[in-house]
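Reading the structure
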Amino acid sequence: MKLSAILPDLSPLRSSREFRLLWVQGLVATVASFMALIALPLQIKDLTGSPFAVGVMGAVELVPLVVFGLYGGALADSVDRRKVILLTEAGLGLLAVILLVNALLPRPMLWPLYLVAGGVSALVGLQRPALDSLLARIVPHDQLTAAAALNGLRWQAGSIVGPSLAGLVVAYSGHATAYGATVLGFLASVLLCSRLSAAPAAHDAEKPSLRGIAEGARYAWSRPVLLGTYAIDLAAMFFAFPNSVFPFLADELNAEWALGLMYAAGSVGSAVLGLTSGWTSRVRRHGLFVVFGAAAWGLAITAAGWFSNIWAVLVCLAFAGAGDMLSGLGRSTIWNQTIPEELRGRLAGIEVLSYSVGPQLGQVRAGTMAGWTGTRPAVWSGGLACVASVGLLAAVLPRLLTYDATTDEDAQRRRAAKEAATVA
């Protein structure tokens, strides 16, 4: 087998200037965001000494994400998506300035940290549908899987480098330095976003409304393939996202030193799959990616709960990350191949909820069950429940398993529309 058949397919980077800009901007923004995402809970911990005070941040973030994620989807279908991306990125930079100013005070205050956490969640909810729905417009139809793999690789690189740098910066230079780096990162990101071409909505697009959001939800409900991608992702994350109990698992395994590795292992596994994702561009049965990837995630989490050797646990978590990456490639490709342009923003808003709310609720499930059954049973039982739920959903929604990009009516309709737009 040739090496080129395994390495990532770089076609989207070569063929689309807009994708190149967004890829670099996304990498810069991810690293900058993680600087603040690591420093913020650490600062709350330093100010209060309370685990509950740190946990409250998740509750503060959840409601704005749900509300503004749905509204952001309707907004992305109604206005220039470039403006949404640019303005929300500038807003995130301003929130980072607030964190920096607060950290420089002789006695930093607690309430601005929660205010910023909620504000970031709201802005991300507004921005992500515009970002996600832009991909199908700027990348050729046959390169969507490759683009999803490159975006996943970018995210994993940022999620490995960002926290590592943030930990060092906070430890040796303090919270203010981390927030200052975040401000500089968002400044660079805004400059990159300003170079994007306009991405206006259709001339007959309606203003954002509850009716428009409901229309998007009805469309998703009427498409078993789309419904399957949402349901499987939610089930996998709800039952088998045990990150909140990693500190307790590390204690049980007498491996407190490995806690950081446990958080990073999934990203490493995802990155390895991303670096060897060239073959995925030649696959047309993307529903199999979704199902098998989610099942592999659940099996690997089950094994991680069973093993008592820390190195075996880390390997399992890495395999789990690879499974999640594979499932994510399938979901992203199906979304971008089948959803009509006029609904893409609203469906992207639903997508934001499907891959954001699941992990939030999953951490609550894992922590609650660990209090009842112990840490390791909470991990492996969640993994088994994930596998069972994925199997049940695949049986109930068989069209997801049989999805083929070359024969699916929605995919072919979307391809024809894009080709017609290109010719015009």
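Quick note: structure is the one above.
We now turn to the structure provided with this report.

What counts, and where the lines are drawn
- Residues numbered from 1 in each chain as written.
- Predicted model: local features only at pLDDT ≥ 70, side-chain atom pairs only at ≥ 80, totals over all residues.
- Heavy atoms only, no water.
- Helix = DSSP H or I, 4+ residues; strand = E, 2+ residues; numbered from the N terminus.
- Buried < 20%, exposed > 50% of the residue type's maximum accessible area, 1.4 Å probe, protein only.
- Contact = heavy atoms within 4.5 Å.
- Areas by Shrake-Rupley, 256 points an atom, 1.4 Å probe, with all protein chains shown as cover.
- Core = buried A, V, L, I, M, F, W, Y, C linked by side-chain atoms within 4.5 Å.
- Salt bridge = Lys/Arg side-chain N within 4 Å of Asp/Glu carboxyl O.
- Axes fitted to C-alpha atoms, helices over the stretch in contact; angles between N-to-C directions.
- Parallel < 35°, antiparallel > 145°, perpendicular 65-115°, else oblique.
- Left-handed = near helix turned anticlockwise from the far one by under 90°.
- Nonpolar A, V, L, I, M, F, W, Y, C, P; charged D, E, K, R; others polar.
- Lys, Arg positive; Asp, Glu negative; His and termini not counted.
- Polar contact = N/O pair within 3.5 Å; in protein donor to acceptor, adjacent residues only side chain to side chain.
- Patch = residues over 30% accessible without salt bridge, like charges linked within 9 Å, V, L, I, M, F, W, Y side chains within 5 Å.
- Phe/Tyr/Trp six-rings, centres within 6.5 Å; stacked < 30°, edge-to-face > 60°.
- Disulfide = S-S within 2.5 Å.
- Expected span 1.5 Å × (residues − 1).

The number of helices and strands found in the chain is 17 helices and zero strands. Across its three principal axes, the chain shows a C-alpha extent of roughly 60 × 45 × 45 Å. For the chain, buried positions account for 52% of its 424 residues. When contacts within the chain are restricted to residue pairs at least 6 apart in sequence, those whose partners lie at least 24 apart make up 87%. If you sum the accessible surface of the chain, you get close to 18700 Å²; carbon and sulfur atoms cover 70% of it.

Our next topic: the nonpolar core. Membership of the largest hydrophobic core comes to 50 residues, with the highest contact counts inside it found for Leu226, Met262, Trp297, Leu317 and Leu347. Only helix H8 (210-222), helix H9 (224-239), helix H10 (246-252), helix H11 (259-275), helix H12 (286-306), helix H13 (310-338), helix H14 (344-373) and helix H15 (375-396) provide two or more residues apiece to this core. Those residues in contact with leucine 226 that sit more than four places away from it in its chain are Tyr219, Ala220, Ile334, Trp335, Thr338, Ile339 and Leu347. Among the nonpolar cores identified, the runner-up in size contains 45 residues, and Ala32, Val116, Ala147 and Phe186 belong to it.

The subject of this paragraph is the pattern of salt bridges. All told, the structure shown has twelve salt bridges when counted by the stated rule. Close ionic contact of aspartate 410 with arginine 223 constitutes a salt bridge, the shortest N to O distance being 3.0 Å. Placement of aspartate 410 in helix H17 (residues 409-423) and of arginine 223 in the loop between H8 and H9 is noted, with a sequence separation of 187 residues between them. On the accessibility criterion, aspartate 410 (14% relative accessible area) is buried. Look at the salt bridges and you will find they share partners, linking Asp77, Arg81, Arg137, Glu215, Glu341, Arg344, Arg346 and Arg414 into a network.

The next subject is the packing of helix H2 (residues 17-48) against helix H5 (residues 111-138). Relative orientation of the contacting elements H2 and H5 amounts to 160°, with a least axis distance of 13 Å. Between H2 and H5, the angle falls in the class roughly antiparallel. The element H2 and its partner H5 pack so that their crossing is left-handed. Residues Glu18, Phe19, Leu22, Leu40, Gln43, Ile44 and Leu47 of H2 pack against Leu113, Tyr114, Ala117, Leu131, Leu134, Leu135 and Ile138 of H5. For the contact of H2 with H5, the per-class residue count stands at twelve nonpolar, one polar and one charged.

Attention now goes to the side chain of arginine 82. Structurally, the position occupied by arginine 82 is in helix H4 (residues 81-104). Nearest to the buried, unbridged arginine 82 among oppositely charged side chains is aspartate 80, at 5.5 Å. At a separation of 2.8 Å, a polar atom in the side chain of arginine 82 contacts the main-chain carbonyl oxygen of serine 194. Ignoring any residue separated from it by four or fewer positions in sequence, one finds arginine 82 in contact with Cys193, Ser194, Leu196, Ser197, Ala198 and Ala199.

What follows is about the packing of H2 against H4. Between H2 and H4, the least distance of the axes is 12 Å, while the angle of their chain directions is 35°. For the pair H2 and H4, the sense of crossing is left-handed. Within the contact between the two elements, H2 uses Gln25, Ala29, Ala36, Leu40 and Gln43 and H4 uses Glu89, Leu99, Asn102 and Ala103. Looking at the contact of H2 with H4 residue by residue, the class counts come to five nonpolar, three polar and one charged.

As a further point, take a nonpolar patch on the surface. A cluster of nonpolar side chains, Leu105, Met109, Trp111 and Leu115, forms an exposed patch at the surface whose accessible area comes to about 410 Å². Tracing the sequence through the fold places leucine 105 in the loop between H4 and H5.

One non-glycine residue, asparagine 254, adopts positive backbone phi at about 55°. Among the secondary structure elements, asparagine 254 is positioned in the loop between H10 and H11.

Below, the discussion takes up the packing of aromatic side chains. Per the stated rule, a full pass over the model turns up six aromatic pairs. A centroid spacing of 5.6 Å and a plane angle of 45° characterise the contact between tryptophan 257 and tryptophan 311, whose relative ring orientation is tilted. Of this pair, tryptophan 257 sits in the loop between H10 and H11 while tryptophan 311 sits in helix H13, and the two are 54 residues apart along the sequence.

Here we take up the state of the cysteines. Taken as a whole and assessed by the stated rule, the structure comprises zero disulfides. The structure places no disulfide on cysteine 386, whose sulfur is separated from the nearest cysteine sulfur, that of cysteine 316, by 14 Å. For cysteine 386, a relative accessible area of 0% gives the class buried.

Under the 1.5 Å per step criterion, the end-to-end length of helix H7 (residues 175-193) is 27 Å for 19 residues, consistent within 8% with the ideal 27 Å. Within H7, the full set of buried residues consists of His175, Ala178, Tyr179, Gly180, Thr182, Gly185, Phe186, Ser189, Leu192 and Cys193. Tucked into the core, H7 has its buried residues touching H2, H4 and helix H6 (144-173).

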